[in-house]
Amino acid sequence: MTPNPTPNDPSGPESSPQGESAPITLAEFQRLIRDMYLPRDVDRGVDGTFMWLIEEVGELAAALREGSHEERMAEFADVLAWLATIANVLDVDLTEAVRKKYGSGCPGCGQRVCQCPEAGKP
Ligand SMILES: [Zn+2]
C-alpha cells in the first residue's frame, strides 16, 4: 500500500499533465492510456494487443538503427503505450509491479547500484 498523496503532491491522482515539460508519472501515463483506449483495448484482447506491442518493438529497433532522436523518442513512447495497454487489459498496476520488483533495488542483489557478478546480471 502507498500512503495517500497530499493535495500538493505532483504524483497524486488529481494531478494531470500540464504541458510538454510537466512530469508525468508511470501511474498517470497508464491512466491516460486507459482513459483514451480501454474499451477498444479490451475488445481487441491481450493476444491482438501483444501483436501491436511487438510491431512497435520492431519499429523501435528500426529507429535505433537509423532513426533520428525524435523518431526514437516516438517509438519509445509507442512501446511504453502498448505495454501499458496490455497491463490495462489485464488490470495490472504498472507502478505496483515496478515497485514490487525494482523498488528495493536490483532484484538479484538488492543493491541500488547492482553488485551482481557479470554472469548474473539481469
Ligand atoms: Zn544486482
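**Topic: the overall build of the protein**
The secondary structure content of the protein amounts to three helices and zero strands. Secondary structure of the protein in N-to-C order comes out as α-α-α. Counting only residues that meet the buried cut, the protein has 9% of its 122 residues in that class. Residue pairs in contact within the protein that sit at least 24 positions apart in sequence constitute 49% of those at least 6 positions apart.

**Description of unusual backbone geometry**
Phi is positive for Asp 91, which is not a glycine, with a value near 60°. By secondary structure assignment, the location of Asp 91 is in the loop between helix H2 (69–89) and helix H3 (94–102). The exposure class assigned to Asp 91 is exposed, which follows from the 7 C-beta atoms found within 10 Å.

**Focus on helix H1 (residues 26–66)**
When the terminal C-alpha atoms of H1 are compared, their 28 Å separation across 41 residues is substantially less than the 60 Å that a helix rising 1.5 Å per residue should span. Where H1 bends most, the angle comes to about 105°, and this point is Gly 45. Turning to H1, its buried residues are Gln 30, Ile 33, Asp 41, Thr 49 and Glu 56. Tucked into the core, H1 has its buried residues touching H2 and H3.

**Describing the packing of H1 against H3**
The N-to-C vectors of H1 and H3 enclose an angle of 145°; their axes lie 8 Å apart at closest approach. Residues Leu 26, Ala 27 and Gln 30 of H1 pack against Leu 94, Thr 95 and Val 98 of H3. Considering only residue class, the contact of H1 with H3 consists of four nonpolar, two polar and no charged.

**Brief notes about the environment of Ala 62**
Mapping Ala 62 onto the fold places it in helix H1. Note: C-alpha distance between Ala 62 and Glu 75 (13 residues apart in sequence) is 9.3 Å.

**Re the confidence of the model for the protein**
Summarising the model, the protein shows a mean pLDDT of 88, and 82% of its residues fall at 70 or more. When the criterion is pLDDT under 50, residues 1–17 qualifies, and its contacts beyond four places in sequence or with other chains add up to nine contacts.

**Section: the packing of H1 against H2**
Any two packed helices are characterised by the angle at which their axes cross and by the distance between the axes. Their axes nearest at 5 Å, the elements H1 and H2 cross at an angle of 140°. One finds that H1 runs oblique with respect to H2. The handedness of the crossing between H1 and H2 is left-handed.

**Structural notes on the environment of Cys 116**
As for its position among the elements, Cys 116 is in the segment after H3. In this structure Cys 116 comes out as partly exposed when scored by C-beta crowding, with 14 C-beta atoms within 10 Å.

Parameters at a glance
Residues numbered from 1 in each chain as written. Predicted model: local features only at pLDDT ≥ 70, side-chain atom pairs only at ≥ 80, totals over all residues. Helix = DSSP H or I, 4+ residues; strand = E, 2+ residues; numbered from the N terminus. Buried ≥ 20, exposed ≤ 12 C-beta atoms within 10 Å, placed from the backbone. Contact = placed C-beta atoms within 7 Å. Expected span 1.5 Å × (residues − 1). Bend = angle between axes of the 7 residues up to and from the residue. Axes fitted to C-alpha atoms, helices over the stretch in contact; angles between N-to-C directions. Nonpolar A, V, L, I, M, F, W, Y, C, P; charged D, E, K, R; others polar. pLDDT = per-residue confidence, 0-100. Parallel < 35°, antiparallel > 145°, perpendicular 65-115°, else oblique. Left-handed = near helix turned anticlockwise from the far one by under 90°.

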